[in-house]
Structures are given as C-alpha cells and as structure tokens.
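A closer look at the structure
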Amino acid sequence: MSSGERATPASDGRIGAVGEEEQLRRLAKQWAVAVAGTSYVPLRPDQIDDLLLGLLRRMVAAVLDPRGSVETVGAEVGSALIDAHFTNPRSLSRTLGVLLDVGPPAEAGGRRWNDVVAAVAEGFSGALQERALREQEEILEAAAHAREQAREALHVSEERFRAVFEGATIGIGIGDLDGRILEVNPALVRLLGYPVEEFRRRSVQEFMHPSDVGRVWQLYRELIGGQREHFQLEKQFLRSNGESVWTDLTVSLLRDGQNRPRYQLALVHDVTAIRQLRHQLEFDAHHDALTGLANRKMFLAQLDELFRQARDGVRVGLCFLDLDGFKAVNDTLGHAVGDHLLISVARRLEAVIGGRGLSVARLGGDEFVVLVPDTSGSAELISLAEELLAAVARPLRLGPRQVQVTASVGVVERPIAEIDPAELLRAADMTLYWAKADGKSQWALFEPERGAKELTRYSLSSALPAALARQDLLVHYQPLRRLADGALHGVEALVRWNHPRLGLLGPENFIALAEESGSIVALGRHVLQVACRQAFAWFGSATPGPFVSVNLASRQLREESLVDDVQQALTHSGLRPEQLQLEITESAVIGTDPLTGQTLQALADMGIRLAIDDFGTGYSNLIYLRRLPLHELKLDANFLRALPGDDGIDSPDVHLLASLISLAHLLNLTITAEGVETEAQVALLSSLGCDAGQGTFFGAAGPPDQIGGLANVVLT
Amino acid sequence: MERPSWVPAEVDLSRPSVARVYDFYLGGSHNLEIDRRMAREAIALWPDLPAIMQSNRAFLRRAVRYVAAQGIDQFLDIGSGIPTVGNVHEAAQQANPEARVVYVDSDPVAVAHSRAILTGNERTAVVQADLREPEALFEHPSVRATIDLARPVAVLMVAVLHFVPDEDRPQDAIARLGARLAPGSYLVLSHASAEGRPEMAGSHRQLYSRTPTPMTMRSRDEIERLFDGFELVDPGVVWLPLWHPDHPGEAEQAPERTTGYAGVGRKL
C-alpha cells in the first residue's frame, strides 16, 4: 500500500482508503472464513489467512494502479487459489461473494474492481480445469502403469510357471472334466513316449491299463464329479513301445474362482525303479542270500498261511533234511567249498521238487525243508525223501574235487487238523534226530507215540527254568522214623513240580531232564534253601534231633559251587550242619573223579550227614564205600517189596536184607529202610536191627503244613 | 494371503478404490468415474463426509508435525493412498529436511501414482504391501534401505485400520509391527467409529462394501486397545479435531460429527 494516510474505512464496509492494513487483515479473515472447509488445504489457519491477505493486497494494488493489468492479476489470484488446493467450485463462489461484497477501493472505479474479480473467476476456472485434467492424466497413467506392471508380473509368473511345468522331472498333465488332455509337460512325454499331439488327441480314459484295479476309475469318477479333491495311487501306464511303467499318480481337481470344478491335474512320477528296489528288498528279506532259496522267515510265513487256509481233511507233510557231516566239509575243505556244496545241494533239491509245484527253503546252516501242502499219505512223503536223499548223495564236483555227501531226512506227515505249525516243526526236528541217531544217510518217519513221549520230555525240560522262576516247584516232606521207639529220625525233602497242565509231577519225571539241561544246579540250590528254612522252622537248631534229608543229583556233585551253596543254605536258614543230610546215589559216587571225593569230604568235614540213597541197586564198590565219609545207608524199597509174607521168614531175601543191615553197621553207618508199608515189615526190620524206616506206613510225602503237625507231635 | 508372492495383484478398475474416493473427498481429481459416483452417493447421504476427510487429513498434518518435534525423522505411512495434497513427506521435511518417508499401500494404482509423483525424491520410497503381513513389509528392500529400525520410527495408520476386519486381527498385526520398532517409536492412528453418528454408520458401511476393502467401525474402547504396547500421549484417543488443534482456544463445534477418533502412542 503506497498512501496509507488516504485510506479511510468506508462506512459501508468497502475499502475506503488504500493502506488500511488493519482493514485488509479483517477482510482477509472474512474471506478465509468464507472458504474454510470448501476444500482440503494443507495449511494451518494462520497460513491461510496470510495467503489470502497477500492475494487481497495484490488485487487492491492492481485496481489502484491505472497502468496495472487487472485481468492478469485477477487470473493469477484465481490460479493461486487452485495451487493452494481451494479446488472446490464452492471455494470460488464464496470468494466471489466476499470480494463483490467488499466492493472496490474508494479511490478506484467500481469497474476496475469488478474486472479483477471477474479475472479471479476466470483464472480459478482455468487453473482448476488444468489441474483436474493433469490429475486425471496422472491417475489414468498410474492405472495404466499399474496394469502394465501387473501384466508384466503375470507374465513373469506365467513364465515361471511355464519353466516349472517344462522343467519339472515329474510328469504333469492337465485335462478338462470330459477327460480331454489339454497340456502335457516334456517329462510326461518322456515318461510315456507319446508325442504331445498324440496326448492331445487322446482322452484320459484311454490311459487305462489292463492291470488297473477297479478302484482307480471309481476314484477318477468321484474326482470328476467333484466329490473328491484328489487321489493318489500307484498305477501302471502303457508306454508307446508297449512296455508297462509303474507310476505314482496324483490327480487333483482344479476349481475356478466360483469354486466350480474345471480341470484335472495329474502328477505322474515314475516309480518303476523304486518298485524294483522295493521288490528286491522284499525278496532279500525272504530269501537266503547264498542259495536264493526261501529263507526261514518266508518258510514260516508260508507254513502259517497254509494252516490258515487249510480245508478239513487235508494232510500236510514236511521233509526236513540235514547234511551228514557238513561241519567236517567246512572244517577240512574250507567255507568256500562248504558254500559251494550248499548251493549245489539247493539246486539239486530244487530239481527234485520243481516238477511237483513244491518249494524248498533253507532254514539255516545245512538244514533244508520241503513243504508238501496237500499229501496223499506218508508213502508219498517217504518216496520224496528217498528222492531227495538220492539227489544229495550223487557225487559232486567242487572245483578240482569230487565230493560225496549224504543227508538225513526227518519226515512228518499229518492231518492238518491235528497239528499246528510249531508242532509240525518240532516233530520234523525230532524225526530228523531219530534219523541221525539211527545211523544217518536215511530218512525216519515221525511216529506220534514216540514223539509224544519225547515231546513231554522236551517240553518239560524247556519249561523247567521258567517254572523255577515262577515258584511252581514245591518241596514236600516225608518222615523217617526210628524203629525202636517211633521217634522222628528225620524228614526227607522231595521236590514236586506243580505243572499248570500236567498237575503235580514227582522228581522221577523231571530230575533227569534237569540234569541233562543243566537246570538241576539252580533247582538243587532252590530245594536246599527251602528245605533248610523249613527244617529250621520245625526243629530250630537243636541237636541232637531230627535232620532234613535232601537229595543230590550226580551232576550237582560235580558242581564246584556245591559246598558254597550248602554253606549258604545253612547260614541263611540258621540250621546246623548236623541237622542236614545229603542223599547221593551209589552211581553218583562209585568210580567218580577225585573232585567228587573232595567235595564229599568237604561236606562231611562241615559236619553234614551223607547218605547213600537207593542202596543195593547199583554195583556197589564196597571198598570205595568204605573210604567215603558216610553216615547212613538208605535201603532201596525193592528189598522190602521182594519180601514174602509173614511165613517166609527164612527166605533168601530176608537173609539178604539182614546182611545189608549188618554191613551198614559194620561200616558204622545207620540204615533206613525205604518203602515201609506194613506193620509186619516194621516188625521184621526191627527184628533185624534196622535203625529207621520210611514209607507210607509212617506217612506219605506231603506239603509242610500237612507233615508239620505230625513232626511236632512226635517231637514233644 | 496364501497366494505366492510372485503371483501379481490384480488391477481391477471396475470397482471403486478407497484411496481414489478419499482423493475426491479432499477435492482432488485423481479419481475415476466409478470412484466419483460412489463418493457423490456417499456425500448425498452424508454431506459431512468431505469435512470429515479434511479433518482427518488435518489430523495427519498435525500429528506428523508433533512427532517431528519429538525428534522423529523416519516415517512409515501405512495405507497412504494417493499422497497428493498435504502428504507426509512435505509436512515432515518442512520440520526436518532430512526426514525419510516410506509410503505403503496395497492398492496397485495408488502405489503406481505415488511412485510417479515421488520420482526423484531420494528420501521417500513407495512399497506395495499388506499391513496384515508386517514381517514381509519390514523385509522389503525399499523399507530396509530407507528406514533404520534401530532408531525410532513413526508408524502412521491414518484412516486405514477400519478397512481391516476383526477376523484379520488388526491388533495382532500392530503387535507384530510394534515388536520390530525401537523404543521411542510412535504409532499415529485415526479410525472411523459409529459412535459419533450411529444413524449414518449403516448406509456408509454398505457403500464401502462395493470396494475391495469394506469398513469395520470400532468403538473408542476398541480403538484404544489398538494402542496396546504404546503409551498414549495427551490427550489420548479423542475426536479428530480435538487432537492438538492448531488453535486450542477455538473450540470446534460438535467434534463428534467427524465420527473419527485419533490418537498418538509412544512405544515404551
């Protein structure tokens, strides 16, 4: 403003005098209020005030300057409003309203003011149009650019997908729901060998394979029908050259944006090699690596399967073959030769059974078995066994050597209903043993009766350790009484096996088995401990008094631990050595090794009583007997059984009995008669000077609670 | 969300975009007929809308100035839309010429436009990302190149979270985002609420269901909970015009008519 002093506010609100700063500010404020909110302007309110004030000044100056171009300044002001983002038409109408209302500065003509205001409107509209067009252009360009970018990205992603599709080593095929094949990738072309065009000509259904299970196409129909999203299975395809290829096939249903089934996608992976490997592994697991025959696992599986599917009345047969002296071949000619021999035998056995639809398995070592699933009788099996023996026995060329081996065969032939696989194998094993025991190079036929007997022995022997652990072995007691006064001389501990199936078994049923198997040691130790504890419970440690008498098997006598075992049984029970008697048989001591003698001596030195059991049944070496540290003889029950009735007092048997009693006394031993059943026997024995008796007359053997009362009564 | 990252976003110009509708409300012409048609319908139903959007934009300007005054020179503007008028980098760089800004939006057209107008501005970057995947956002090379996460950042979520429905767990996204921020960082947030004009909310929501990003109005309590992990600066969550007004003396009339809440929180 150039001449402030001339500016005076007009009473009607017009700009009355130029340079009235205060008035201009007020007007600018009025303008700001009018346009406020018409459009978004990114300025603080005071910044807006300043902006509008500046514009107002320029307009006033232009109007007052006669040389000034009101059109130019007005247009610039209109454009400045747009630049500040007063872009709404209402911003203009409000602006015009305020400016026209204010009117021209007092000194200027109203026309010039009207011209500048009109120019503001023109400038505003022009700038707005320009800005709007520019912004439209920008946004359309941005949209086009975004689309272009999306297209590019889509192209890239399609290329990437294409690369995956083309480069995948897994076969990929895409088809429509009618089964038309639309796309196949090179891997699928390679896999099946058809050119792409041929795939396109064919439908999915034409890839049916003769071996397809019905399920494949059932699954396919479900997928096409939208009831199933995908399925996976192993399926064969025919290659263009007619070969079959095994694949792992996954077919998925592809849906569109509205979730409607549209396409099918097949992923096809060649698993022929994997299957071959799997079959190889399966074969290896079931076959003997050396001979290629079925192995034990496979044989047992076949056997189980046979029994599972057996019809009534079918008979099953086994030839169980074992080479004679194979160990000698291995030892003398070496394992390589032994292996060759086994392979040759395998081939020969195969040749024999090949024509009959049978199979041969190698169970291990030099054991082979031929299973005959449906036999007409033992004659058929025997003739087969003879053929097998003959085949093995033919001279064999092993490198430079001519070798001849023989075999033994156990033949079992039974109705399948009467036997189970385990029994069949056991029977075969047993029969093979018979064949070997009878001289080898021959077959033996299983006989059920002989088998049953041996089977009992066999099963008892193998069950004994478990029975011992389960406490199925009990100790019963039988009293020994002095003939002179009927007082208790001692009790004999007798082991019993409470067998779950066979009931209570006496020692005669299993002690010999236990000796064979070696379990007698543990068994004997157990009986010793139990008997000593029981005796202490009855008798305390009072001596003199009754003893407990425990049988020792000859095998136990040869056990180095015996002395320790006895010592421990005494220590743990509290029983004194004098209260323990150990019974041994003549055969166990006669002609025994020095060790046994030392053992007996050690036991005797401890103060333990030693008795000869079943005296008179062995070939007693009286000289030797004389040297043993014995205390008692127990006269075998047969001596009493041989005695005649009351009238035969002078019979040789009575004399013999008398002699034996005398002999015992001569050796300074007490003597107890076993098997005393009648009062007459007691009388006779008494008259002959026999010290004590044992038998049903004095009480049968029984569990401790039965015998206990009796023992106590006598003690008191 | 399950789409692999190399499958491109669609550019669908047949539906209105909230970014372009917002531009129209602010008086811009960065919009298409489809956007303007919807905006005019909305304004016909609710004449306050342009004023509300201006109020929101004004809050953004004040909030940027406020956090810049607290020493913040890195800005992550999530849901930036079309940053034409009153954009963050101008406001921020007025306060501090060194300030850096990353604009983030999921709308490919808004992103393309932002790139066009920001070409040559070395202190800004534009990223197309989804705020529901903050991990991917922070791993974006442009974000890593522009923002130093070891120092405080202002994360702006201005008028964007009402486009994230509850089932997309906006609170969870903020928590995951906040976990990456240095202490002293700020969260600037504004959010539409039905509490100011309950009678308007229904029809408005319906209009926005035409866009790919329908609206979810939230209560003041719910909006306050979005600040979990941040300490609200005074005056807390308030109607848009009431947050640090330019002229505290001039009480805004009926601020609830803006139906938008605003707040700024500081990460502890």
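I will try to describe carefully the structure that is included in this document.

Parameters and conventions
- Chains are numbered independently. Their residues run from 1 in the order of the written sequence.
- For naming, the first written chain is A and the first written ligand is 1, with later ones following in the order written.
- Where totals are concerned, whole chains, interfaces and linings use all residues; where local detail is concerned, this predicted model gives features only for residues with pLDDT of at least 70, and gives and counts side-chain atom pairs only at 80 or more.
- A helix here means a DSSP run of H or I that spans at least four residues, while a strand means a run of E at least two residues long, and both kinds are numbered starting from the N terminus.
- Neighbour density around each residue's C-beta defines its exposure: 20 or more other C-beta atoms within 10 Å make it buried, 12 or fewer make it exposed, and counts between make it partly exposed, where C-beta atoms are placed from the backbone.
- Residue pairs qualify as contacts under a 7 Å threshold applied to their C-beta atoms, which are placed from the backbone.
- All residues other than Ala, Val, Leu, Ile, Met, Phe, Trp, Tyr, Cys, Pro, Asp, Glu, Lys and Arg, Gly among them, are scored as polar; the first ten of these are nonpolar and the last four charged.
- At least two bridges found by DSSP between two strands are what make those strands a pair.
- All axes here are fitted lines through C-alpha atoms, helices being fitted over the stretch that makes contact, and every angle between N-to-C directions spans 0 to 180 degrees.
- Our angle categories are set so that under 35 degrees counts as roughly parallel, over 145 as roughly antiparallel, 65 to 115 as roughly perpendicular, and the remainder as oblique.
- Handedness of a crossing is defined here by the sense of rotation of the near helix relative to the far one, left-handed for an anticlockwise turn of less than a right angle and right-handed for a clockwise turn.
- The nonpolar core is taken to be a set of buried Ala, Val, Leu, Ile, Met, Phe, Trp, Tyr and Cys residues joined by way of C-beta atoms within 7 Å.

What follows covers the overall build of chain B. Counting its secondary structure elements, chain B contains 10 helices and 8 strands. Going through the 268 residues of chain B one by one, you find that 50% of them count as buried.

The number of helices and strands found in chain A is 26 helices and 21 strands. The buried share of chain A, reckoned over its 716 residues, is 33%. The contacts of chain A with a sequence gap of at least 6 include a subset with a gap of at least 24, amounting to 62%.

With 29 residues of chain B in contact, the opposing surface of chain A contributes 28 residues. The greatest single-element share of the side of chain B that touches chain A, amounting to 6 residues, is contributed by helix α5 (residues 108–118) of chain B. A breakdown of the residues in the side of chain B that touches chain A according to their chemical character gives 15 nonpolar, 9 polar and 5 charged.

Mapped onto the elements, D420 of chain A comes out in the loop between β11 (407–415) and α14 (421–437). In the structure, D420 of chain A is positioned 116 residues away from D304 of chain A in sequence and 8.8 Å away in space, judged by C-alpha atoms.

It is worth spelling out the sheet that holds strand β7 (residues 359–364) of chain A at this point. In any sheet, the strands associate via hydrogen bonds between backbone groups, in a parallel or an antiparallel arrangement. Residues and elements named next belong to chain A. Ordered in space as β7-β8-β6-β11-β12, the 5 strands form an open sheet in which the pairing is mixed. This sheet does not close on itself; its edge strands, each paired only once, are β7 and β12 (443–445). Within the sheet, the average angular offset between the axes of one strand and its neighbour, ignoring direction, is 20°. Relative to β12, β11 is paired through 3 bridges, and the arrangement is parallel. Residue pairing in the sheet places V411 in a bridge with L445 of β12. The sheet strands contacting helix α12 (residues 335–354) are β6 (315–323), β7 and β8 (367–372), and the helix crosses β7 at an angle near 150°. On top of the sheet, helix α13 (residues 378–393) reaches β6, β8, β11 and β12; it is set at about 160° to β11, its chief contact.

Turning our attention to the packing of helix α1 (residues 21–35) of chain A against helix α2 (residues 45–64) of chain A. Residue and element names in this part refer to chain A. In contact at an axis separation of 8 Å, α1 and α2 are set at 120° when each is read in the N-to-C sense. In terms of axis orientation, α1 runs oblique to α2. α2 is crossed by α1, and the crossing has right-handed handedness. Contacts between α1 and α2 involve L24, R25, L27, A28, K29, W31 and A32 from the first element and I48, D49, L52, L53, L56 and R57 from the second. For the contact of α1 with α2, a count of residues per class yields 9 nonpolar, no polar and 4 charged.

So, about the sheet that holds strand β3 (residues 230–238) of chain A. Residues and elements named next belong to chain A. Pairing is antiparallel across the open sheet formed by 5 strands, whose spatial order is β2-β1-β5-β4-β3. Either end of the sheet is taken by a strand with one partner, and the two such strands are β2 (181–184) and β3. For this sheet, the mean inter-axis angle between neighbouring strands, taken without regard to orientation, is 25°. Note that strand β1 (residues 171–176) and strand β5 (residues 261–270) share 6 bridges and pair antiparallel. Residue pairing for β5: G173 is matched across the bridge by A266.

Note that β3 of chain A and strand β4 (residues 244–255) of chain A share 9 bridges and pair antiparallel. Bridging across to β4 of chain A, K235 of chain A finds its partner in T247 of chain A.

Here the focus is the nonpolar core. Membership of the largest hydrophobic core comes to 117 residues, with the highest contact counts inside it found for V116 of chain A together with V155, L156, M157 and V188 of chain B. Per-element tally for this core: the top contributor is helix α5 (residues 110–167) of chain A, with 12 residues. Residues contacting V188 of chain B, with those up to four places away along its chain left out, are A63, V67, A154, L156, M157, V158 and V264 of chain B. V566, L640, I661 and L684 of chain A belong to the second largest nonpolar core, which has 65 residues in total.

All names here are of chain A. Within the element layout of this structure, Q264 appears in strand β5. The sequence separation of Q264 and I174 amounts to 90 residues, and the corresponding C-alpha distance is 5.7 Å. When near neighbours in sequence (up to four residues on either side) are disregarded, Q264 contacts G175, L177, L223, I224, V251, L253 and L254.

To continue, consider the pairing of β7 of chain A. Residue and element names in this part refer to chain A. In this sheet, β8 lies alongside β7 in antiparallel orientation, the contact comprising 5 bridges. Bridging across to β8, R362 finds its partner in F368. Here β7 folds back onto β8 in antiparallel fashion, the turn holding 2 residues, of which G365 has a positive phi close to 55°.

On to helix α4 (residues 88–95) of chain B. Along α4 of chain B, the residues that are buried comprise V88, H89, A91, A92 and Q93 of chain B. Tucked inside the fold, the buried residues of α4 of chain B contact α3 (49–69), β1 (74–78), β2 (100–105), β3 (124–128) and β4 (154–158) of chain B.

Of the consecutive residues D234 of chain B and P235 of chain B, the connecting peptide bond is found in the cis state with omega at 5°. In this fold, P235 of chain B is placed in the loop between β6 (230–232) and β7 (238–239). Not every positive phi belongs to a glycine, and K440 of chain A is a case in point at roughly 65°. By the element assignment, K440 of chain A lies in the loop between α14 and β12. Residue class for K440 of chain A comes out partly exposed when judged on the 14 C-beta atoms lying within 10 Å of it. Phi angles above zero are rare outside glycine, and T259 of chain B is one such case at about 45°. Its place among the elements puts T259 of chain B in the loop between β7 and β8 (260–267).

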